[in-house]
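Listed below are the residues making up each chain.
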Amino acid sequence: MTEKKNALIVYASPGGSTRHVARTIEDRLKELGGAVSVLDLGRGADAGAVHDLLSAAAGDTLLFIGSPVYVGRAVPPVMSFLESLPENSGVAAFPFVTWGGVSSGIALWEMGKTIKEKGYHLAGAAKVLAVHTMMWQEDEPLGEGHPDPDDDDMIRNLAAAVYAKAVGEGDIPLDALDYQPEPLKQEMLKSSLKQAEEKLPNRKVDEDLCTECGICADVCPTDAIAFTPYPEFGPACIFCFNCVRECPEEAIKADMSPVGPRLKARSEQLDERPFTKGFL
Ligand SMILES: Cc1cc2nc3c(=O)[nH]c(=O)nc-3n(C[C@H](O)[C@H](O)[C@H](O)COP(=O)(O)O)c2cc1C
């Protein structure tokens, strides 16, 4: 019988798909008798308690860490969390990403690299196809219907396999996550959200429609919105478009129409397969 383990599941998920994967992992680990703590790196998240737990953790602790892929990378709140991790050679970590069918980029590799630099074991990893959160106005968004029950099954099996392993037993090499063709990897190493900003649809607040209700700020995962008195987007913005999607008055305008065709063309060009994959 596997001994009882402690698991920490930490994730960012502006659109909910990464949260879905995190919950699937959580449910499976609880079925196995694990003690599970969860941290959503959204608005007001305090990573202090998780860091304290990890500083003190022995070989019975697992860290699952999840991010959406944005412009081929893990999102800034996840990378900041990983970069500030206390070093601990007794903890096994499992990075996972959800991606919208364009490219899973170098997100898993960069998460795995930081995890290893912090001295953690790389117990496995997963990339999971999910609906593309910039395509909510499209009839057929990339990744539609994902994560689906097959994706969930794969995640449940991976979580159980990682739970059953002793720390350090069967770690995966970082190279396993270095699966993109070299030119694409180099391109993505140079890409960043800041740089992509000029290519992303601009948001404009229609002051006649805005009621200053504050919902945009409530759904902003990085606390990037200030009211002056209308919403303004600060430097912490990660361009998740939750504010545009969730505004009940449709007062935050963004022309998403060129996005769909552009992303679909890029998806066809890159043709990344498989969509969902576990690394163990
Ligand atoms: C600004 C932005 C950039 C994105 N970049 C990519 C990308 O490079 N490749 C991709 O396949 N999907 C990309 N996506 C789609 C997300 O990775 C995908 O929808 C993910 O599942 C969202 O996770 P969440 O629902 O947990 O927020 C992007 C989405 C946004 C909003």
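The rules behind the values
- Residues numbered from 1 in each chain as written.
- Predicted model: local features only at pLDDT ≥ 70, side-chain atom pairs only at ≥ 80, totals over all residues.
- Heavy atoms only, no water.
- Helix = DSSP H or I, 4+ residues; strand = E, 2+ residues; numbered from the N terminus.
- Buried < 20%, exposed > 50% of the residue type's maximum accessible area, 1.4 Å probe, protein only.
- Lys, Arg positive; Asp, Glu negative; His and termini not counted.
- Salt bridge = Lys/Arg side-chain N within 4 Å of Asp/Glu carboxyl O.
- Polar contact = N/O pair within 3.5 Å; in protein donor to acceptor, adjacent residues only side chain to side chain.
- Contact = heavy atoms within 4.5 Å.
- Pairing = 2+ DSSP bridges.
- Right-handed = clockwise from strand over helix to strand, strands pointing away.
- Domains from an automatic or database assignment.
- Buried area = accessible area lost by both parts, 1.4 Å probe.
- Axes fitted to C-alpha atoms, helices over the stretch in contact; angles between N-to-C directions.
- Parallel < 35°, antiparallel > 145°, perpendicular 65-115°, else oblique.
- Left-handed = near helix turned anticlockwise from the far one by under 90°.
- Near = heavy atom within 4 Å.
- Areas by Shrake-Rupley, 256 points an atom, 1.4 Å probe, with all protein chains shown as cover.
- Core = buried A, V, L, I, M, F, W, Y, C linked by side-chain atoms within 4.5 Å.

Turning next to the side chain of K118. On the secondary structure map, K118 appears in the loop between α4 (107–117) and β6 (121–122). The buried charged residue K118 lacks any salt bridge partner; its closest oppositely charged side chain belongs to E87, at an N-O distance of 5.1 Å. Here E83 takes part through its backbone oxygen, which lies 2.8 Å from a polar atom of the side chain of K118. Residues in contact with K118, not counting those within four places in the same chain, are L82, E83, S84, L85, E87 and N88.

Further remarks concern the pairing of strand β2 (residues 35–40). As a general feature of sheets, a regular strand has side chains that alternate between the two faces. Note: strand β1 (residues 6–11) against β2, six bridges, orientation parallel. Residue I9 lies in a different strand from β2, and its bridge partner there is V38. Taken together, β1, helix α1 (residues 17–31) and β2 form a β-α-β motif whose crossover is right-handed.

Its domain assignment divides the chain into domain 1 (6–183 + 272–279) and domain 2 (202–254). Between domain 1 and domain 2, the C-alpha centre-to-centre distance is 28 Å. Each partner contributes to the interface: domain 1 provides 12 residues, whereas domain 2 provides 13 residues. Here domain 1 packs against domain 2, burying approximately 1,000 Å² in sum over the two surfaces, 63% of which is carbon and sulfur. Between domain 1 and domain 2 we count two salt bridges in total. Of the charged contacts in the structure, one is a salt bridge between D223 and R43, with a shortest N-O distance of 3.2 Å. The tally of links from domain 1 across to domain 2 stands at five residue pairs in polar contact (both at pLDDT 80 or more).

Look at α1 against helix α5 (residues 149–164): their axes get within 9 Å of each other, and the N-to-C directions meet at 50°. Here α1 is positioned oblique relative to α5, judged by the angle of their axes. The chirality of how α1 crosses α5 is right-handed. Judged by residue contacts, H20, V21, T24, I25, R28, L29 and E31 of α1 engage D152, I155, R156, A159, A160 and Y163 from α5.

Let us now look at the site of the ligand. In the vicinity of the ligand there are 23 residues, among which S13, G15, T18, V69 and V131 approach most closely. One nitrogen or oxygen atom from the main chain of P14 is found 3.3 Å from an oxygen atom belonging to the ligand. Contact between the ligand and G100: an oxygen atom at 3.0 Å from a main-chain N or O atom of the residue. Contact with the protein chains hides 97% of the accessible area of the ligand, taken as 650 Å² for the molecule alone. For the shell around the ligand, the leading source of residues is strand β3 (residues 61–70), giving three residues.

This part covers the nonpolar core. Core analysis: the largest hydrophobic core is formed by 66 residues, its most contacted members being L63, F81 and L82. Sort the elements by how many residues they give to this core and α4 lands first, with five residues. Per-domain counts for this core show at least three residues from each of domain 1 (6–183 + 272–279) and domain 2 (202–254). Beyond its immediate sequence surroundings of up to four residues, F81 is in contact with V10, L39, L41, A47, V50, H51 and I65.

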